[in-house]
Amino acid sequence: MAIDPGLLIVFSGPSGCGKGTLVAKLLAQRTDTVLSVSVTTRAPRPGEIDGVHYFFKTREEVEQMIREDALLEYAQYSGNYYGTPRAAVEEHLRAGRNVILEIDVQGAVQVMERCDDYVSIFLTVPSMEELERRLRGRGTEEEAWIQTRMQAAKSELEYIGRYQYTVLNDEVDAAFERLNSIIETEKSRKQPQE
Ligand code: ADP
Ligand code: 5GP
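Residues numbered from 1 in each chain as written. Chains lettered and ligands numbered in written order. Predicted model: local features only at pLDDT ≥ 70, side-chain atom pairs only at ≥ 80, totals over all residues. Heavy atoms only, no water.

### A word on the side chain of Ser-120
Stated formally: Secondary structure elements follow DSSP: runs of H or I of four or more residues count as helices, runs of E of two or more count as strands, with numbering from the N terminus. The contact definition used throughout considers only heavy atoms, calling two residues in contact when any of these lie within 4.5 Å.
Examined against the element boundaries, Ser-120 turns out to sit in strand β8 (residues 119-124). In contact with Ser-120, other than residues within four places in its own chain, are Val-10, Met-112, Arg-162, Tyr-163, Gln-164 and Tyr-165.

Next up, the structure:
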C-alpha cells in the first residue's frame, strides 16, 4: 500500500514571536510531525545543541552546500546564513511525516516558488511592544541584536500576504489549537477521495 506523503509546512514569523515554543508543543503532541534541522553560521545560544536545534557551520561549509545544491532554500538573516538541508526533508515526506520548516520570509518565498505542494503559515504577535518584551524575556540576546531583530521584524511583516494562513500567538494554548487544526484540515484535504 502506498504511503501518503507528509505535509511540507512553511512556518515563519518574526524572531521572538513564539515559533520555537509552538513547534516544541506540536512535536510533543504529534508523532507524525518532525522539524527540519537547519544549518546556520550564527553562534549557538546557551543550551542549543549541534544537530538538534541547528547544525552549526562555518560560512565556507554553507557555501559549499549551496554550490552542491544540498539546500532546499537558504537566506542571509542578520548577517548569518541559514538553510534547509534538502535530503532529510525529502526523506521525511516520502515516509509520510509532516515536516516543519521554521524559516524566514526570504527562504519561505523560495519554497513557495520551487515546491508545488506546501502549507504556509505566518505567526504574528499582538503588537511590536509585545514582540520586544518576548525578545528581551528570552534573555539570550544582547541589546544590539534585539534592535536588529526588531528592524528585521518590521520588514518581515510585509510578507504576511504571501502566506496561506496567519496565526496570532496571543496565548500559547489557543495559538497551538489554531496551528494544529490547520494541519488537520490540510492533512484531510490531501487524503485520496473515495
Ligand atoms: P521564536 O522561536 O519565534 O524566536 P520563542 O518561541 O523563542 O520565539 O519565544 C520567544 C519568547 O516568548 C520565549 O521566552 C517564549 O517563552 C515567549 N513566548 C512564546 N509564546 C508566548 C505567548 N503566547 N505569550 C507570552 N510569551 C510567549
Ligand atoms: P534564530 O537566529 O532566531 O534562530 O533565527 C533567525 C531567523 O532565521 C528566524 O526567522 C528563523 O525562522 C530563520 N531560520 C531558521 N532556520 C532557517 C533556514 O533554514 N532557512 C531560512 N531561510 N531561515 C531560517
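### Observations regarding the site of ligand 1
Here is the rule we go by: Residues are counted as near a molecule or strand when any one of their heavy atoms sits within 4 Å of it. We call two N or O atoms a polar contact when they sit within 3.5 Å, provided that within protein one can donate a hydrogen and the other can accept it, with sequence-adjacent residues counted only if both atoms are side-chain atoms. Classification used: nonpolar for Ala, Val, Leu, Ile, Met, Phe, Trp, Tyr, Cys and Pro, charged for Asp, Glu, Lys and Arg, polar for all others including Gly.
Taken together, 16 residues sit near ligand 1, with Gly-16, Lys-19, Gly-20, Thr-21 and Arg-138 positioned nearest. Within the backbone of Gly-20, an N or O atom sits 2.8 Å from an oxygen atom of ligand 1. Measuring from a nitrogen atom of ligand 1, one finds a side-chain N or O atom of Asn-169 at 2.9 Å. For the shell around ligand 1, the per-class residue count stands at three nonpolar, six polar and seven charged.

### A closer look at helix α1 (residues 19-29)
Every α-helix winds through 3.6 residues per turn, so residues three or four apart in the chain are directed the same way. Stated precisely, the cut-off is as follows: Buried residues are those whose accessible area, probed at 1.4 Å on protein chains only, stays under 20% of the maximum for their type, while exposed residues exceed 50% and partly exposed ones sit between those limits. Each C-beta atom gives one direction from the helix axis, and the arc is the one those directions make.
The complete set of buried residues in α1 reads Lys-19, Leu-22, Val-23 and Leu-26. One side of α1 holds all its buried residues, which, seen down the axis, span an arc of 100°.

### Observations regarding the sheet that holds strand β3 (residues 39-40)
One key point about sheets: their strands pair by backbone hydrogen bonds, in either a parallel or an antiparallel sense. Short version of the rule: Here a strand pair is declared whenever DSSP counts at least two bridges between the two strands.
Ordered by their spatial adjacency, four strands build an open sheet running β4-β3-β6-β5, and the pairing between neighbours is mixed. Each having just a single partner strand, β4 (55-56) and β5 (71-77) make up the two edges of the open sheet. In this structure, β5 lies alongside strand β6 (residues 80-85), joined through six bridges in antiparallel fashion. Bridge assignment links Gln-76 to a residue of β6, and that residue is Tyr-81.

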